[in-house]
Amino acid sequence: MKIARFSHSDGIRFGIVDEGDLVVLAGDPMFAGFDTTGERVPLADAALLAPVIPRSKVVCVGRNYHEHAAEFGNVAPEEPLLFLKPNTSVIGPGDAILRPAISERTEFEGELVVVIGRIAKNVKAEDALDYVFGYTVGNDFTARDIQRKDGQWTRGKGFDTFCPLGPVIETEFDAASARIETRVNGEVHQQAPLTDMIHSVADIIAYASAAFTLLPGDVIMTGTPAGVGPVVAGDTIEVEVSGIGTLRNPVRDAVPVS
């Protein structure tokens, strides 16, 4: 089932994607279930938004594909390498990613994203998928020069607009048969099966929940495959995960603060 969060008639609503329509839900399905109002909204008349706004945090995993670790001269970590993005970095499909004036090199990182559906603390790996509401697509956009300059990742990956999510949440998803592909201006730069991930979704949830409580609506970005690279204003980034959909965002230069 594909769940969308969308804007229509000056309101923000949730709906189930049914071919060319959205079957409107009575509330946020993560908390209110899947009761419908009986209304249908054509997809063409709706503006899709980020399918979830994390209540507290975006948890990210670094170097979770061997070839991506190697392209930066790093060894893949034996345990998940975690960092956080603020929830103010989240934007939706079609929203512009804004390159900060203080960065000279910004890069895309296409990723599978896990949406947490239940409070999770000290979860065992064998039970971890029971805490997943669904899956979406993300772009761990990065100011690479700032990341390297700072020696840690918070600022370089945490600017406003640096966490595009969407277009929908898929509640029934099989990562074992899915692939991820990232395109810039239509040209493929990243392509890999999700089975290439070093640490599985279940292992990541178990590891993260041992450190901090995961809340409903929190998201986990599971890492990016090899092929990341720079983008500039005017480029368009598309991240596609088979079975979920394509997240598309243009890149623009932020207006410098005077």
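Just so you know, these numbers come straight off a predicted model, no measurement behind them.

> Which parts of the structure should I look at to understand the overall build of the chain?
The helix and strand tally for the chain stands at five helices and 20 strands. Its C-alpha atoms give the chain principal-axis dimensions of about 55 × 45 × 35 Å. The proportion of buried residues among the 258 residues of the chain is 52%. Put simply, 72% of the contacts in the chain that link residues at least 6 apart link residues at least 24 apart. Only carbon and sulfur atoms are counted for the fraction: they give 49% of the accessible area of the chain, which is about 11300 Å². Here the chain contributes 22 positively and 36 negatively charged side chains, and the mean placements of these two sets differ by 5 Å.

> Whenever I open this one, the nonpolar core confuses me. Can you help?
Burial of nonpolar side chains together is a common tendency in soluble globular proteins. In terms of nonpolar packing, the biggest core is built from 48 residues, with L112, I205, I220 and V241 touching the most fellow members. Apart from the residues within four sequence positions on either side, I205 is in contact with V114, I116, A128, V132, L214 and I220. Core analysis: the second largest hydrophobic core is formed by 21 residues, V52, V90, V113 and M221 among them.

> What is the right way to look at the pairing of strand β6 (residues 58–62) in this model?
For a regular strand, side-chain orientation follows a simple rule: the groups alternate between the two sheet faces. Where burial is concerned, most of β6 is hidden: five out of the five residues are buried. Of the two faces of β6, the one lined by V58, C60 and G62 and the one lined by V59 and V61 are each fully buried. Sheet topology places β6 next to strand β7 (residues 81–85); five bridges connect them, and they run antiparallel. For V59, the partnering residue across the bridge sits in β7 and is L84. For β6 and strand β17 (residues 219–221), the ladder comprises three bridges, and the chain directions are parallel. Bridge pairing in β17 places V58 opposite V219.

> Explain the sheet that holds strand β20 (residues 245–253) to me, please; I cannot follow it from the model alone.
What holds strands together in a sheet is hydrogen bonding between their backbones, with the strands either parallel or antiparallel. Ordered by their spatial adjacency, five strands build an open sheet running β9-β20-β19-β15-β16, and the pairing between neighbours is mixed. What marks the edges here is a single partner per strand, and that holds for β9 (97–99) and β16 (187–193). Strand after strand, the sheet turns through a mean of 20° between neighbouring axes, direction not considered. The pairing of strand β15 (residues 179–184) with β16 spans six bridges and is classified as antiparallel. Across the sheet, the residue bridging to R183 is V188, located in β16.

Rules of the game
- Residues numbered from 1 in each chain as written.
- Predicted model: local features only at pLDDT ≥ 70, side-chain atom pairs only at ≥ 80, totals over all residues.
- Heavy atoms only, no water.
- Helix = DSSP H or I, 4+ residues; strand = E, 2+ residues; numbered from the N terminus.
- Buried < 20%, exposed > 50% of the residue type's maximum accessible area, 1.4 Å probe, protein only.
- Contact = heavy atoms within 4.5 Å.
- Areas by Shrake-Rupley, 256 points an atom, 1.4 Å probe, with all protein chains shown as cover.
- Lys, Arg positive; Asp, Glu negative; His and termini not counted.
- Charge placed at Lys NZ, Arg CZ, Asp CG, Glu CD.
- Core = buried A, V, L, I, M, F, W, Y, C linked by side-chain atoms within 4.5 Å.
- Pairing = 2+ DSSP bridges.
- Axes fitted to C-alpha atoms, helices over the stretch in contact; angles between N-to-C directions.

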